[in-house]
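# Structural characterization, general
Chain by chain, the residues:
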Amino acid sequence: GVSLGGMVGMWLAANAPERISRLALCCTAAYLPPASMWEQRAATVRTQGMGALVSPVITRWFTPAWAQRNPGPVAAVAAMLEGTNPEGYAGCAEAIAVMDQRGAIAAITAPTLVIAGAEDPATPPALSARLARAIPDATFTVVRGTAHLANYQTPGEVTAAMRSEERRVGKECRSR
């Protein structure tokens, strides 16, 4: 899961482990304060619409150099974000505001890969490293030259990390 999807994946892995056989957490966190920032985002989209958040969010999702070289893909993501239902976005922001899975993630038993974007200001590598340390036997990797949407900006590198983890987990399972 990427970002919010990773938060959902963590919850499932900790609370319904029979449903998760392997877990990849990309540019996500178990806890993402301050709550006031998320509450403000919810209020902003409810009063001003999604357009008010597009520019500030996009600058965190992609590195400046990549965004400059790839205006089409950035515009596509910006349009997707602007087309998001404001109430749906606000609800997600409010869920993140109260989310704190730090105590629960130690219960994750699925083989877990944590991927960080080296230039991710939303969920920086240090935050991802803490997440990986808190999940038993998790593997941690940092993808260079990418920000928050690492799977979109650097799909080859993210896929390679996931394939490497799949091979590692497969070898461990065969040796048992």
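Keep in mind that this is a model prediction, so the values were computed, not measured.

### What to know about the sheet that holds strand E3 (residues 139-143)
Sheet architecture is open: three strands sit in the order E1-E2-E3, paired in parallel fashion. Pairing within the sheet leaves two strands with one partner each, and these edge strands are strand E1 (23-26) and E3. Averaged over all adjacent pairs, the angle separating strand axes in this sheet is 20°, with direction ignored. As defined by bridge partners, E1 adjoins strand E2 (residues 112-117) across four bridges and the pair is classed as parallel. The partner of Leu25 across the bridge, within E2, is Val114. This element, helix H7 (residues 125-134), spans E1, E2 and E3 of the sheet and lies at about 170° to E2.

### What about the packing of helix H3 (residues 51-61) against helix H5 (residues 71-82)?
As a packed pair, H3 and H5 sit with axes 9 Å apart at the nearest point and diverge in direction by 140°. Taken together, the axes of H3 and H5 lie oblique to each other. Read as a crossing pair, H3 and H5 show a hand that is right-handed. Seen from H3, the contacting residues are Gly51, Leu53, Val54, Val57, Ile58 and Trp61; seen from H5, they are Val74, Val77, Ala78, Leu81 and Glu82. Across the contact of H3 with H5, the residue classes tally to nine nonpolar, one polar and one charged.

### Some words on H7
Every buried residue of H7 is listed here: Leu127, Ser128, Ala129, Leu131 and Ala132. Lining the buried residues of H7 we find helix H1 (4-15), E1, E2 and E3.

### A few points about the pairing of E3
Across a regular strand the side chains alternate sides, sitting on one face of the sheet and then on the other. Of the strand pairs in this sheet, E2 and E3 are connected by five bridges, and their pairing is parallel. Residue pairing in the sheet places Leu113 in a bridge with Thr139 of E3. Handedness of the β-α-β unit built from E2, H7 and E3 comes out right-handed.

### So, the nonpolar core
In summary, soluble globular proteins display a tendency toward joint burial of nonpolar side chains. Membership of the largest hydrophobic core comes to 40 residues, with the highest contact counts inside it found for Met10, Ile58, Trp61, Phe62, Tyr89, Ile108 and Leu131. Of all the secondary structure elements, the ones that give two or more residues to this core are H1, E1, helix H2 (35-48), H3, H5, helix H6 (86-98) and H7. Leave out the neighbours within four places in its chain, and Tyr89 touches Arg41, Val45, Met50, Leu53, Val57, Leu81 and Thr84. Grouped together as the second largest cluster of nonpolar side chains are eight residues, Cys27, Leu113, Ile115 and Val143 included.

### Points about the pattern of salt bridges
Applying the stated criterion to the full structure yields five salt bridges. Residue Glu94 is joined to Arg46 by a salt bridge in which the shortest nitrogen-to-oxygen separation is 2.6 Å. Note that Glu94 is positioned in helix H6 and Arg46 in helix H2, a separation of 48 residues in sequence. Residue Arg102 is joined to Asp100 by a salt bridge in which the shortest nitrogen-to-oxygen separation is 2.7 Å.

Conventions adopted
Sequence order as written defines residue numbering, which begins from 1 separately in each chain. Restriction of local features to residues with pLDDT of at least 70 applies here, the model being predicted, together with a cutoff of 80 or more for giving and counting side-chain atom pairs; totals for whole chains, interfaces and linings are based on all residues. For side-chain calculations, the full set of non-hydrogen atoms in the structure is used, while hydrogens and water are omitted. A strand pair is defined by DSSP finding two or more bridges across the two strands. Only runs of H or I of at least four residues qualify as helices and only runs of E of at least two qualify as strands under DSSP, and these elements are numbered from the N terminus. Angles run from 0 to 180 degrees between N-to-C directions of axes, and those axes are lines fitted to C-alpha atoms, restricted for helices to the stretch in contact. The contact criterion used throughout is that any non-hydrogen atoms of two residues lie within 4.5 Å. An angle counts as roughly parallel when it lies under 35 degrees, as roughly antiparallel when it exceeds 145, as roughly perpendicular when it falls between 65 and 115, and as oblique in every other case. For any helix crossing, the convention is left-handed if the near helix is rotated counterclockwise from the far helix by under a right angle, and right-handed if that rotation is clockwise. Under the scheme applied here, ten amino acids are nonpolar (Ala, Val, Leu, Ile, Met, Phe, Trp, Tyr, Cys and Pro), four are charged (Asp, Glu, Lys and Arg), and all others, including Gly, are polar. Each residue is placed in one exposure class: buried if its accessible area under a 1.4 Å probe, protein chains only, is under 20% of its type's maximum, exposed if it is over 50%, and partly exposed if it falls in between. Crossovers are marked right-handed if the path from the first strand over the helix to the second runs clockwise, as seen with the strands pointing away from the viewer. Residues belong to one nonpolar core when they are buried, are Ala, Val, Leu, Ile, Met, Phe, Trp, Tyr or Cys, and are joined through side-chain atoms within 4.5 Å. Each reported salt bridge corresponds to a side-chain nitrogen of Lys or Arg within 4 Å of a carboxyl oxygen of Asp or Glu.

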